[in-house]
Structure formats: structure tokens, C-alpha cells
Amino acid sequence: MTSSSNPAADQDGANSLAVGDDASDSPCIGVCTTLYDDVCQGCGRTLGEVSNWVFFSQEEKDTVWKRIRADGTAMRFQRQAKTSN
């Protein structure tokens with residue numbers, strides 16, 4: 001779905017898989033669900049991170065990105081794994 005001129009960005013999950021853009025600031029993929037806990041199953045962020053994202057510094061955003069990539073359980077990363085096989 002993503003047609004990127006930057007293969008490294010595609011591999012690290014930095015782009016929004018929902019819209020396929022190359023410069024997405026947010027990990028949101030438009031699949032918001034927090035049925036059983038305080039973590040969105042779509043993007044892997046906590047409810048506080050989702051609601052305060054626009055107020056975060058770039059350093060804070062980078063910390064969240066690093067954590068959700070390391071965890072890799074959010075739908076964002078599951079969808080990416082399926083498309084790269």
C-alpha cells in the first residue's frame with residue numbers, strides 16, 4: 001500500500017499504514033480500540049499518549065515510537081509484517 005522512495009522508513013514502521021504517507025508524525029492507523037486495557041491495539045500508544053500527542057515534544061514522540069516499535073504487537077506492526085512477506 002505504501003509507495004515510498006525511502007525503503008528504510010517503510011521497514012521501521014515510521015509511516016502511517018492507514019494512509020500510506022511518507023511523513024506521518026503519528027503512529028495512528030485509524031483503528032482505535034482500547035477494549036481491555038489502556039493501550040490502543042491499533043497503534044500501541046497509551047490513552048494519555050494518544051490524547052496528548054499534539055502537545056508532545058519531538059523527543060517525547062521519538063521515545064514513544066521507539067517503545068511501540070520494540071514492542072511490535074500493535075495492529076500497525078502486524079499489518080506491516082503481512083505486507084512485507
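All values derive from a computational prediction rather than experimental measurement.

Q: If you had to explain the overall build of the chain to someone new, which residues and values would you point to?
A: Helices and strands together make up the secondary structure of the chain, namely four helices and zero strands. Helices and strands appear in the chain in the N-to-C order α-α-α-α. For the chain, with 85 residues in total, the buried portion stands at 31%. A separation of at least 24 residues holds for 42% of the contacts in the chain among residues at least 6 apart in sequence. Of the roughly 5,500 Å² that the chain leaves accessible, carbon and sulfur atoms contribute 54%.

Q: Account for helix α3 (residues 58-71), with residues named and values stated.
A: Counted at 1.5 Å a residue, the expected span for α3 with its 14 residues is 20 Å, and the 20 Å between its end C-alpha atoms agrees. Of the residues making up α3, those classed as buried are Lys-61, Val-64, Trp-65 and Ile-68. Along the long axis of α3, the arc covered by the buried residues comes to 100 degrees, so they all point the same way. Facing away from the buried surface of α3 by more than 90 degrees, the exposed residues are Glu-59, Thr-63, Lys-66 and Ala-70. Gly-72 lies just past α3 and shows a positive phi near 65 degrees.

Q: Can you break down the pattern of salt bridges residue by residue, with the values?
A: Inspection of the entire model under this criterion finds two salt bridges. With a closest N to O distance of 2.8 Å, Lys-61 and Asp-25 form a salt bridge. Taken together, the residues Lys-61 in helix α3 and Asp-25 in the loop between α1 (7-12) and α2 (47-52) connect sequence positions 36 residues apart. Taking relative accessible area as the criterion, Lys-61 reaches 10% and is therefore assigned buried. Here Arg-67 and Glu-49 are joined by a salt bridge, their closest N and O atoms 2.7 Å apart. Note that Arg-67 is positioned in helix α3 and Glu-49 in helix α2, a separation of 18 residues in sequence.

Q: Got a sec to walk through the confidence of the model for the chain? Specific residues and values, please.
A: When pLDDT is averaged across the chain, the result is 75; 65% of the residues are at 70 or more. Taken element by element, the predicted model of the chain shows its lowest mean pLDDT in α1 (42) and its highest in α3 (94). Throughout residues 1-22 the model reports pLDDT below 50, and contacts reaching past four residues in sequence, or to other chains, amount to 41 contacts.

Q: I'd love a proper account of the state of the cysteines, names of residues and values included.
A: Summed over the entire model, instances satisfying the criterion amount to zero disulfides. Counting only cysteine sulfurs, Cys-32 is the nearest neighbor of Cys-28, a cysteine outside any disulfide, at a range of 4.5 Å. Since its relative accessible area comes to 28%, Cys-28 is described here as partly exposed. For Cys-40, which is in no disulfide, the shortest distance to another cysteine sulfur is to Cys-43 and amounts to 3.9 Å.

Q: Describe the nonpolar core, and please don't skip the residues or the numbers.
A: If you look at the biggest cluster of nonpolar residues, it comprises six residues: Trp-53, Val-64, Trp-65, Ile-68, Ala-74 and Phe-77. For this core, the leading source of residues is α3, giving three residues. Apart from the residues lying within four places of it in its own chain, the contact partners of Ala-74 are Gln-41, Gly-42, Cys-43 and Gly-44.

Cut-offs used in this document
- Residues numbered from 1 in each chain as written.
- Predicted model: local features only at pLDDT ≥ 70, side-chain atom pairs only at ≥ 80, totals over all residues.
- Heavy atoms only, no water.
- Helix = DSSP H or I, 4+ residues; strand = E, 2+ residues; numbered from the N terminus.
- Buried < 20%, exposed > 50% of the residue type's maximum accessible area, 1.4 Å probe, protein only.
- Contact = heavy atoms within 4.5 Å.
- Areas by Shrake-Rupley, 256 points an atom, 1.4 Å probe, with all protein chains shown as cover.
- Expected span 1.5 Å × (residues − 1).
- Arc of directions from axis to C-beta.
- Salt bridge = Lys/Arg side-chain N within 4 Å of Asp/Glu carboxyl O.
- pLDDT = per-residue confidence, 0-100.
- Disulfide = S-S within 2.5 Å.
- Core = buried A, V, L, I, M, F, W, Y, C linked by side-chain atoms within 4.5 Å.

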